[in-house]
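Observations on the three-dimensional arrangement
Residue strings, one per chain:
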Amino acid sequence: MPINLLDLNVDVLGHIVFQLDSADARRLSRTAHHIHSIADHHALQYVTLRSLPKVIKFCTYMLNEKRHRLLSLRELRIPCLLMPRLHTGHQKPPSELTQYEEAARLVADLIQEAKGLQVLTLYSVEYWLQHEPRLSDALSSLRHLLDIELQNLGPNTSKIIVGMRSAPRKLIFSLPGVGHTRGFLPHCPFPGKLNLDAERCMPSVQYLAVIDNTILPDPTVLTRVFPALRSLEIKSGKLSRSTATDPRYSANWPSLERVRGLSHILSLWQNATPVHLLHLTDLLHFHGPPRNGQIRPVAGTWTLCPVQVLSSFQPVAFIAQLDSDIPTCLWRQLLEYTGSFGSLGGSARLRYVSVELSDVVTRETAATELKRWWVSALAQLPTVLYSLSCTRVMPLRR
């Protein structure tokens with residue numbers, strides 16, 4: 001027997017609405033008076049504002065008409081870029097400057113009232129602080145933040161992190177992408193490096209993601225600031241390759257379990273405690289351009305960087321993406337390297353290897369290429385569990 005949605009009691013409707021995202025909950029709130037208050041309450045808990053006009057419109061609405069609901073706001077994401085207040089080479093029109101200042105003032109007022117905020121994403125954070133310094137105190141005063149993502153860091157952002165009253169579990173620090181810096185921000189210099197106080201310990205942080213490693217201090221400082229880190233991710237960084245003369249940093253994260261990042265950066269880190277999972281995100285290939293023509297970080301001509309990373313972090317599980325034309329001797333070198341380099345010896349704890357062959361892209365030949373690589377690359381290798389995939393295979397043409 002069909003049941004009318006509006007005949008359900010408030011508890012059941014609440015469970016249904018809880019499964020919706022904010023946009024769907026907002027649409028549902030406009031369908032019937034009976035369900036309006038339930039759906040509207042849920043919609044205003046999780047908010048994403050992708051443009052400056054939407055920021056101004058939402059903040060004005062909440063501060064003027066829904067101020068009592070600000071205590072219920074749990075997630076606020078503002079992934080929109082902002083221009084700095086003062087910089088050389090570019091003169092903003094007065095109307096644009098006024099809009100930035102109005103938006104920054106409204107965001108500061110809203111965050112001061114949203115005492116229960118748990119998730120915050122704020123791009124161009126250093127520029128927001130230039131337009132409205134009160135935002136620094138508003139962010140520092142929040143006590144319940146668990147997940148924080150900040151982009152375009154600088155000295156003012158550093159003060160917020162050092163003086164933060166929350167105990168976040170997840171931190172993501174980043175810079176805008178190349179397309180944004182050349183397009184929307186052509187004349188804006190990066191605000192600067194993140195300056196963390198080595199004496200200011202944040203033991204609550206378990207996950208740290210860095211989009212660009214150049215904004216962070218060296219690992220010895222990070223281990224003191226984030227001593228209880230369990231997961232570390234470095235998504236991009238300098239393209240220069242490490243050499244024998246590059247400094248090596250000693251880190252000691254006893255609780256570190258998962259490491260994901262670029263081999264040429266992680267090869268400069270020496271962790272005192274073994275980890276469970278190591279995931280190299282750059283494409284490992286032998287020589288020349290990648291066969292599939294990908295534009296992504298690559299390890300270039302074969303170097304010892306991946307071997308050094310395995311030796312340093314001693315993982316149980318290892319994930320990598322590579323071209324299938326890597327010679328068997330080099331693949332063997334990666335998994336069981338024992339040369340005249342002292343501590344370099346791969347990972348003695350390795351039990352699981354997951355490989356994605358990035359250049360196997362044609363469904364008609366995928367089976368043959370996988371079989372060829374499997375037989376040649378895995379023969380007489382250590383007895384571990386292997387997983388092989390080729391996620392870029394194109395569908396058959398009809």
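All of the points below concern the structure found in this document. A quick note: this is a predicted structure, and the numbers were derived from the prediction, not measured.

1. Structural notes on the side chain of Glu356
- By the element assignment, Glu356 lies in strand E13 (residues 352–357).
- Glu356 sits in the buried class, given a relative accessible area of 18%.
- Of note is the side chain of Glu356, whose polar atom sits 3.1 Å from the side chain of Gln321.

2. Topic: the sheet that holds strand E14 (residues 385–389)
- Pairing is parallel across the open sheet formed by twelve strands, whose spatial order is E1-E2-E3-E4-E5-E6-E7-E9-E11-E12-E13-E14. Each edge of the open sheet carries a strand with a single partner, namely strand E1 (46–48) and E14. When strand polarity is set aside, the average angle formed by the axes of neighbouring strands in this sheet is 10°.
- In the sheet, strand E4 (residues 147–151) pairs with strand E5 (residues 170–174) via five bridges, with the strands oriented parallel. For Ile148, the partnering residue across the bridge sits in E5 and is Leu171.
- Sitting on the sheet, helix H12 (residues 305–313) touches strand E9 (258–261), strand E11 (277–284) and strand E12 (317–322), and the angle it makes with E11 is about 175°.

3. Considerations on a nonpolar patch on the surface
- Together, Leu5, Leu6, Val12 and Ile16 make up an exposed nonpolar region whose accessible area comes to about 270 Å².
- Note that Ile16 resides in helix H1 (residues 10–18).
- The exposure class of Ile16 is partly exposed, given its relative accessible area of 36%.

4. Some details on helix H8 (residues 155–162)
- Among all positions of H8, only Thr157, Ser158, Ile160 and Ile161 are buried. Along the axis of H8, the buried residues cluster in a sector spanning 160°; they form a single face.
- Among the structural elements, helix H6 (125–131), helix H7 (134–141), E4 and E5 are those in contact with the buried residues of H8.

5. Re the environment of Lys170
- In this fold, Lys170 is placed in strand E5.
- A C-alpha to C-alpha distance of 8.6 Å links Lys170 and Ser204, two positions 34 residues apart in sequence.
- For Lys170, the contacting residues outside a window of four places in its chain are Leu146, Asp147, Ile148 and Tyr207.

6. Describing unusual backbone geometry
- In this structure, Ser124 is a non-glycine residue whose phi angle is positive, near 55°.
- With phi around 45°, Gln314 is a residue other than glycine that occupies positive phi space.
- Within the secondary structure, Gln314 is located in the loop between H12 and E12.

7. A few points about the side chain of Glu233
- With respect to the helices and strands, Glu233 occurs in strand E7 (residues 231–234).
- Here Glu233 falls in the buried class, since its relative accessible area comes to 9%.
- Only 2.6 Å separates the side chain of Glu233 from the side chain of Tyr207, close enough to count as a polar contact.
- Not counting the four nearest positions on each side in its chain, Glu233 is found in contact with Tyr207, Leu208, Ala209, Val210 and Arg260.

Rules of the game
- Residues numbered from 1 in each chain as written.
- Predicted model: local features only at pLDDT ≥ 70, side-chain atom pairs only at ≥ 80, totals over all residues.
- Heavy atoms only, no water.
- Helix = DSSP H or I, 4+ residues; strand = E, 2+ residues; numbered from the N terminus.
- Buried < 20%, exposed > 50% of the residue type's maximum accessible area, 1.4 Å probe, protein only.
- Polar contact = N/O pair within 3.5 Å; in protein donor to acceptor, adjacent residues only side chain to side chain.
- Pairing = 2+ DSSP bridges.
- Axes fitted to C-alpha atoms, helices over the stretch in contact; angles between N-to-C directions.
- Contact = heavy atoms within 4.5 Å.
- Patch = residues over 30% accessible without salt bridge, like charges linked within 9 Å, V, L, I, M, F, W, Y side chains within 5 Å.
- Areas by Shrake-Rupley, 256 points an atom, 1.4 Å probe, with all protein chains shown as cover.
- Salt bridge = Lys/Arg side-chain N within 4 Å of Asp/Glu carboxyl O.
- Arc of directions from axis to C-beta.

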